[in-house]
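# A structural walkthrough
Listed below are the residues making up each chain.
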Amino acid sequence: MALTPIMTTLAFVRHPDGERVLMVHRVARSTDDQLGKYNGLGGKLEADEDVVACIRRELREEASIEAVCLRLRGTVSWPGFGRNGEDHFGFVFVVDEFTGEVPQANDEGPLAWERIDALSRLPMWEGDRHFLPLVFDESIAQFHGVLPYRDGVPQGWSVSTL
């Protein structure tokens, strides 16, 4: 069966100290599918955008910053992830350098610099715990994973690394 995913981007913005990353705590909207969870920044591609233009736009909208240096770390396919079982496919970036001042919050909730080595203790999507260590693992060039979901629960994880 052909995959027809919603295309997304996700960025993890590193603090200049290299030890922290910008996360949003999604608590602002009671109807948010990700209510209470921490996540990186990003969103859905628009029809006229490539993935880099999308993540740059999302970072401007969500954190008032301009990405100066960013790297594609990998991709994740999330079959069945959507509220109604829609498939999602995401391009995952690390932003190593940016300009601008990060506000205290955005429309989704507070923005905070969280320690990279403590991210696993934050409430997040259970499946994010599979790929998040790969985002910051400099020993691999890229990762490309499949993380199927059913009823909001991950059903497995497979990954290829380059």
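Under the annotation held in an unreviewed UniProt entry, the protein chain carries the name 8-oxo-dGTP diphosphatase and is attributed to Luteococcus sanguinis. Annotation of the protein chain in UniProt includes, under Cofactor (unreviewed entry), the sentence "Mg(2+)". Regarding the protein chain, the relevant UniProt record gives this comment under Sequence similarities (unreviewed entry): "Belongs to the Nudix hydrolase family."

### Some details on unusual backbone geometry
Although it is not a glycine, Ser64 adopts a positive phi angle of roughly 55 degrees. In this fold, Ser64 is placed in the loop between α1 (51-63) and β5 (66-78).

### Describing α1
The first and last C-alpha atoms of α1 sit 18 Å apart over 13 residues, in line with the 18 Å expected at 1.5 Å per residue. Regarding α1, the residues found buried are Val51, Cys54, Ile55, Arg57, Glu58, Leu59, Glu62 and Ala63. The backbone nitrogen of Val52 has a side-chain oxygen 2.9 Å away, supplied by the residue at the start of α1, namely Asp50. Phi turns positive, to about 55 degrees, at Ser64, one or two residues after α1.

### Observations concerning the pattern of salt bridges
Enumeration according to the criterion identifies 14 salt bridges in this entry. Residue Glu58 pairs with Arg57 through a salt bridge whose shortest N-O separation is 3.2 Å. With a relative accessible area of 11%, Arg57 lands in the buried category. The partner of Arg115 in a salt bridge is Asp117, with the nearest N and O atoms 2.9 Å apart. According to the relative accessible area criterion, Arg115 is partly exposed, its value standing at 37%. Look at the salt bridges and you will find they share partners, linking Glu46, Glu49, Arg57, Glu58 and Glu61 into a network.

### Some remarks on the environment of Asp128
Turning to its location among the elements, Asp128 is positioned in helix α2 (residues 128-135). Owing to a relative accessible area of 8%, Asp128 belongs among the buried residues under this scheme. The spacing of Asp128 and Asn39 is 89 residues in sequence and 8.8 Å in space, taken between C-alpha atoms. If near-sequence neighbours (up to four positions away) are discounted, Asp128 is found in contact with Asn39, Pro133, Leu147 and Tyr149.

### Notes on the UniProt feature "domain: Nudix hydrolase" (unreviewed entry) in the protein chain
On the UniProt side, "domain: Nudix hydrolase" (unreviewed entry) is annotated at positions that read residues 4-137 here. Split by type, residues 4-137 is 16% helix and 41% strand. Its first and last C-alpha atoms lie 29 Å apart.

### Thoughts on empty space enclosed by the protein
The tally for this structure, following the rule as stated, stands at one cavity of 30 Å³ or more. Within this model, the largest cavity holds a volume of roughly 30 Å³. Going through the elements one at a time, β3 (38-39) and α2 are the ones with two or more residues in the lining of the largest cavity. Residues that form the lining of the largest cavity fall into these classes: six nonpolar, two polar and one charged.

### Concerning the pairing of strand β9 (residues 143-146)
Residues Phe143 and Gly145 line the buried face of β9, whereas the alternating positions His144 and Val146 sit on a face that is not buried. Where β5 and β9 come together, four bridges link them in parallel fashion. Across the sheet, residue Gly74 finds its bridge partner in β9, namely Phe143. Inspection of the sheet shows β9 paired to strand β12 (residues 158-161) by four bridges, in the antiparallel sense. When the sheet's bridge partners are listed, His144 is paired in β12 with Ser160.

Parameters and conventions
Residues numbered from 1 in each chain as written. Predicted model: local features only at pLDDT ≥ 70, side-chain atom pairs only at ≥ 80, totals over all residues. Heavy atoms only, no water. UniProt positions renumbered as here; feature names shortened; annotations may be inferred. Helix = DSSP H or I, 4+ residues; strand = E, 2+ residues; numbered from the N terminus. Expected span 1.5 Å × (residues − 1). Buried < 20%, exposed > 50% of the residue type's maximum accessible area, 1.4 Å probe, protein only. Polar contact = N/O pair within 3.5 Å; in protein donor to acceptor, adjacent residues only side chain to side chain. Salt bridge = Lys/Arg side-chain N within 4 Å of Asp/Glu carboxyl O. Contact = heavy atoms within 4.5 Å. 1 Å grid on protein atoms, 1.4 Å probe; cavity = no way out; pocket = protein on both sides within 12 Å on 5 of 7 lines; lining within 4 Å. Points joined across faces, edges and corners; volume = space filled by probe spheres on them. Nonpolar A, V, L, I, M, F, W, Y, C, P; charged D, E, K, R; others polar. Pairing = 2+ DSSP bridges.

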